[in-house]
Amino acid sequence: MQTVTITLNQKIVSGQAGMTILEIAQDAGLDIPTLCHDPILQPAGACRLCLVENEETGALLASCVTTATPGMVINTNSHRVLQHRRNIVKLMLASHPDACLICDKGNRCRLQQIATELGLGFNELERIPQPAAIEELNPFIVRDTAKCVMCGKCIRACQEIIVEGAIDYYGRGFTTRPATFNDTPLENSECTFCGLCVALCPTGALMEKEKPYLGTTRFSVQSTCSYCGCGCPVKLEIKDNWIVRVTPGGLGSANRGEICMRGSYGFDYIHSPERLTKPLLKVNGELKEASWEEALKAAGEGLKRIKEQYGPDALAVYGSSKCTNEENYLLQKFARTVLETNNVDNGSSLYNLATRVGLRNATGLLSTTNLLEALEEADLILVAGADPTITAPRLGYAIKRAVKNRQAKLILIEPRRTHLTFFAHQWLRPRPGSDPALFNSIIRAVIDESLCRMEYVSRQTEGFPVLVEALDKLLPESTALITGVSAEKTREAARIYARANKSVIVFGSGLTCTVNGAESIKALANLALLTENVWGKGCGIYPALKENNAQGACEMGAIPEYLPGYQPVTEPESRRKFERLWKKKIPSRPGMHVAEALNRGEETPLKAIYVVGENLDSTLNHSKRMIESSSGLEFMIVQDLFFTSTAEHANVVLPAASFAEKEGSYTNFEGRIGWLQQAFPPVGESLPDWEIILRLAEEMGSPLPYSSLQQVIHEIEEFVPLYEGYYHPEEYLEDKWSYWDERRDRAFQVLKGFPRFSAPKDLSPRIPIPEGYPFYLFLEASLAYFGTGTRSSKTWRLKSFYPKKVLKISPEDAERLSFTGGNQVRVMSPYSHLQTAVEISDAIPPGTVSLPTSFPGVAELFGTALGIEKTVPPPEACYVNLERVNPDG
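Let me sum up the structure you'll find in this document. Everything quoted here is computed from the prediction, not taken from an experiment.

Brief notes about the pairing of strand β7 (residues 167-170)
Stage number 1. Pairing geometry for β7 and strand β8 (residues 177-180), over four bridges, is antiparallel. Pairing of Tyr 169 across the sheet is with Pro 178, part of β8.
Stage number 2. Following β7, the chain reverses through six residues before pairing antiparallel with β8; Gly 171 in that reversal takes a positive phi of roughly 90 degrees.

What follows is the structure in structure tokens.
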């Protein structure tokens, strides 16, 4: 790339063509003060503090917006420059409250720092009155516009990074300030409370509300967010073993400063008084505190007894997509070498199995086929069965940026109105459960109109003739009766998708958690293959994984059918590799998914289960009945942060450390590895999960050969495909595309994959409709409630922002049933019922209703219809009936 050479403070420095003077100065180690500039935002030149002098022309230039040209002679600290900077800061201080000693921003205030550097103390300028702080009822952010310096960082972050547009400049002249539409409180606006504006604000104008510590911390650690599958880097600021503040982590190719409500304000649970701090042991039917020695002895003896009496396959291990890679690796090794069973699973299987089944044959990969950066280079994005702005916010931000900045077209396939509907070029609303029929009819339209990339299809794929034959009678006109989407709209969607130069597909649990989810994913993979949009810049297939380590848990082998690195347990070559490493015989038969086993009730072959970091009671459909009906289950160990409802059934409960109290790594949905750094010791007597697993193995007489976590890391890096030589992210961040090419090639080699089409098996909606239950019930996710609520329910700020406990119904159905807003209704399914108030919403299509996932007891409404792959999907949708509780009210 062409370089530019300039003279900067009498030194010759160089930079790349197109760089600003400020960027070249920063690269050269020269500090130019600025309030409005940030590398993740577009330059604005708002504060003018970055003025520099062009010594050739005498012009004063805003260095953040002035592109360097060859031969420039720049002085960053001339007398004129310093005088102008002092005047600018004096004017800012004249309109700024004289409250530095009591301001919560303290020494972090950038305005105070610059004033000190310029030697400013007493300000002779007359003070300008400013408005008082704005009263906010939300639990996250407080605004004091009197301290605002109009840098515009908050506005640009909201519009450029988050693409929400909740705030903009409001008013004129001296009354101008950042504000919401009509200057309403933040909680009444479109604000998602991501906290990025607070992190970027240089003064105390935007501050975190209800902080546990008001001063400036001296200690912080870089870590990785423990919530969704995006794996955003975060910085934890620590005071006295307490997380007092969370901000976006270090910038790089994996991060543009994105963060969300959960990432900024969702870590109070770590310090909850409800944390487990000591082991519990069931004695005479009651769980009582015990020592680690007593608890581990009881756990080991219980597992050994079951193994000796019933055999290894009577045991099962249920791992967690919230535990680290290293812990999941140890857990599956514990299952296969100590317990000698392949009955090992993790929570992500409940919604991610359809992804693995659907993508493996088509792409040779079992996960996302590209980096997130590739999505923002797409010309078209198809989002189906997902609202990533809620479930995977960073993915949602990228989609919105692609639409806004590149004018990418968005096809949204979702019955309900979501946060992405406003950005959609086309919105299709198929009937619940009819997604495979819709996707395959789109494929048929692509084939009929000769929109396939036939050169690619004929040379680099297999199975195309079989696909064409299978779709022979599947015309959009015939599927319209199933899907409710007209043939005209189906064909239009096919044309828009296939004619785009580069297309991306994003899908979520709205597809994968249905009983025909695997068929939907196969169809989407077929569509990507037909148009050569599986990999490459601007292309890809992106599952919106829910948990932080859903990807890593599966890649570490915490699933019944695969060894680490997705190596099939049925293949002798794969088993021999790990048998040589572990010096143990590995069972050749795939194990059972835990949900499938528990769904058998009294017929379950399981006699003991070791549950790590998951709450089965809330994860599985009417799981409490499943566990209670599994009378054959004789022994249960639960290892968690909190005493969950599953722990009530346990014989032994082991207290685990949180992500901030241990080290390790997560793998996000892209395949990027994020590291954890221990910020403080575990609370009470709790221990990291990896250490508990090692101690339990030793107690059972089969110690695993590790004395430190680093030894586990080295073994993963050496023997787990996809991680060989790439466990340390700095090795590939400089050339991310080369990294992905190698990762894809390694996956093909391990999985023996080759792009091939999969013929559809079953296109009919397979969710049984019980007689007398006409409404399809959706569960709606929210930013404030995550997963089963084990952690978010212990975070007071998130819990106070839970969605209202109401049943949403369409205006058409409300009119037909004579419901009005606020009416109390009974929601009944064949399995349970609950009572709540009605809210009429045009976001809900007729024939459907919705409840928030945070509604107490909502999982009990759901049945256990097995999917095609014979596993139990988690609660996502079912059929219900509605009844007015008080018709005269």
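Having seen it, we continue.
Quick notes on the sheet that holds strand β20 (residues 503-507)
Stage number 1. Read from one edge to the other, the open sheet built from five strands follows the order β19-β18-β17-β20-β21, with strand pairing classed as parallel. Each edge of the open sheet is held by one strand with a lone partner, namely β19 (426-428) and β21 (540-543). Adjacent strand axes in the sheet meet at a mean angle of 15 degrees when their direction is disregarded.
Stage number 2. Taken together, the five bridges between strand β17 (residues 380-384) and strand β18 (residues 409-413) define a ladder with parallel strand orientation.

Points about unusual backbone geometry
Stage number 1. A positive phi angle is found at Asn 284, which is not glycine, with a value near 55 degrees.
Stage number 2. Relative to the assigned elements, Asn 284 resides in the loop between β13 (280-283) and β14 (286-289).
Stage number 3. Using a relative accessible area of 79% as the deciding quantity, one classes Asn 284 as exposed.
Stage number 4. Its identity as a non-glycine residue notwithstanding, Lys 583 has a phi of 60 degrees, on the positive side.

As for the pattern of salt bridges
Stage number 1. According to the stated counting rule, one finds 37 salt bridges in the structure shown.
Stage number 2. Two residues, Arg 401 and Glu 258, come together in a salt bridge whose shortest N-O distance is 2.9 Å. With Arg 401 in helix α12 (residues 393-406) and Glu 258 in the loop between β12 (243-248) and α6 (261-265), the pair connects residues that are 143 residues apart, well separated along the chain. Glu 258 shares its class with Arg 401; the two are buried.
Stage number 3. Among the ionic pairs, Glu 614 bridges to Lys 322, the shortest N-O distance being 3.2 Å. Note that Glu 614 is positioned in the loop between β24 (608-612) and α23 (616-619) and Lys 322 in the loop between β15 (315-319) and α8 (325-338), a separation of 292 residues in sequence.
Stage number 4. When salt bridges with common partners are traced through the structure, they connect Glu 258, Glu 373, Glu 376, Arg 394, Arg 401, Glu 670 and Arg 672 into a single cluster.

Regarding the pairing of strand β1 (residues 3-8)
Stage number 1. Burial of the side chains of β1 is restricted to one face: Val 4, Ile 6 and Leu 8 are buried, whereas none of Thr 3, Thr 5 and Thr 7 on the reverse face is.
Stage number 2. As paired strands, β1 and strand β2 (residues 11-16) are joined by six bridges and run antiparallel to one another. Along β2, the bridge assignment pairs Thr 5 with Ser 14.
Stage number 3. Here β1 folds back onto β2 in antiparallel fashion, the turn holding two residues, of which Asn 9 has a positive phi close to 50 degrees.

Regarding the sheet that holds strand β5 (residues 73-75)
Stage number 1. Taken in spatial order, the five strands line up as β2-β1-β5-β3-β4 in an open sheet, and their pairing is mixed. A strand with exactly one partner marks an edge of an open sheet, and here the two such strands are β2 and β4 (60-62). Here the average twist between neighbouring strands, direction ignored, is 40 degrees.
Stage number 2. As judged from the two bridges shared by strand β3 (residues 51-54) and β5, these two strands associate in the antiparallel manner. Note on β5: the bridge partner recorded for Glu 53 is Asn 75.
Stage number 3. Strands β3, β4 and β5 of the sheet are contacted by helix α2 (residues 79-94), whose axis makes an angle of about 155 degrees with β3.

Overview of helix α13 (residues 435-448)
Stage number 1. Relative to the 20 Å expected for 14 residues at 1.5 Å per residue, α13 spans 20 Å between its end C-alpha atoms, a close match to the ideal helical length.
Stage number 2. By the criterion of burial, α13 is predominantly enclosed, with 13 of the 14 residues buried.

Some points on helix α16 (residues 476-483)
Stage number 1. Every buried residue of α16 is accounted for by Pro 476, Thr 479, Ala 480 and Thr 483. Buried residues of α16 fall within an arc of 120 degrees about the axis and therefore sit on the same side.
Stage number 2. Each element contacted by the buried residues of α16 is listed here: α13 and α17 (487-499).
Stage number 3. One or two residues past the end of α16 sits Gly 484, with phi positive at roughly 80 degrees.

Points about the environment of Leu 861
Stage number 1. Position of Leu 861 relative to the elements: it lies in the loop between β33 (848-852) and β34 (877-884).
Stage number 2. The exposure class assigned to Leu 861 is buried, which follows from its relative accessible area of 0%.
Stage number 3. Aside from chain neighbours lying at most four places away, what touches Leu 861 is Leu 777, Val 827, Ser 829, Tyr 831, Ser 832, His 833, Leu 834, Leu 851 and Cys 878.

Definitions and cut-offs
Residues numbered from 1 in each chain as written. Predicted model: local features only at pLDDT ≥ 70, side-chain atom pairs only at ≥ 80, totals over all residues. Heavy atoms only, no water. Pairing = 2+ DSSP bridges. Helix = DSSP H or I, 4+ residues; strand = E, 2+ residues; numbered from the N terminus. Axes fitted to C-alpha atoms, helices over the stretch in contact; angles between N-to-C directions. Buried < 20%, exposed > 50% of the residue type's maximum accessible area, 1.4 Å probe, protein only. Salt bridge = Lys/Arg side-chain N within 4 Å of Asp/Glu carboxyl O. Contact = heavy atoms within 4.5 Å. Expected span 1.5 Å × (residues − 1). Arc of directions from axis to C-beta.

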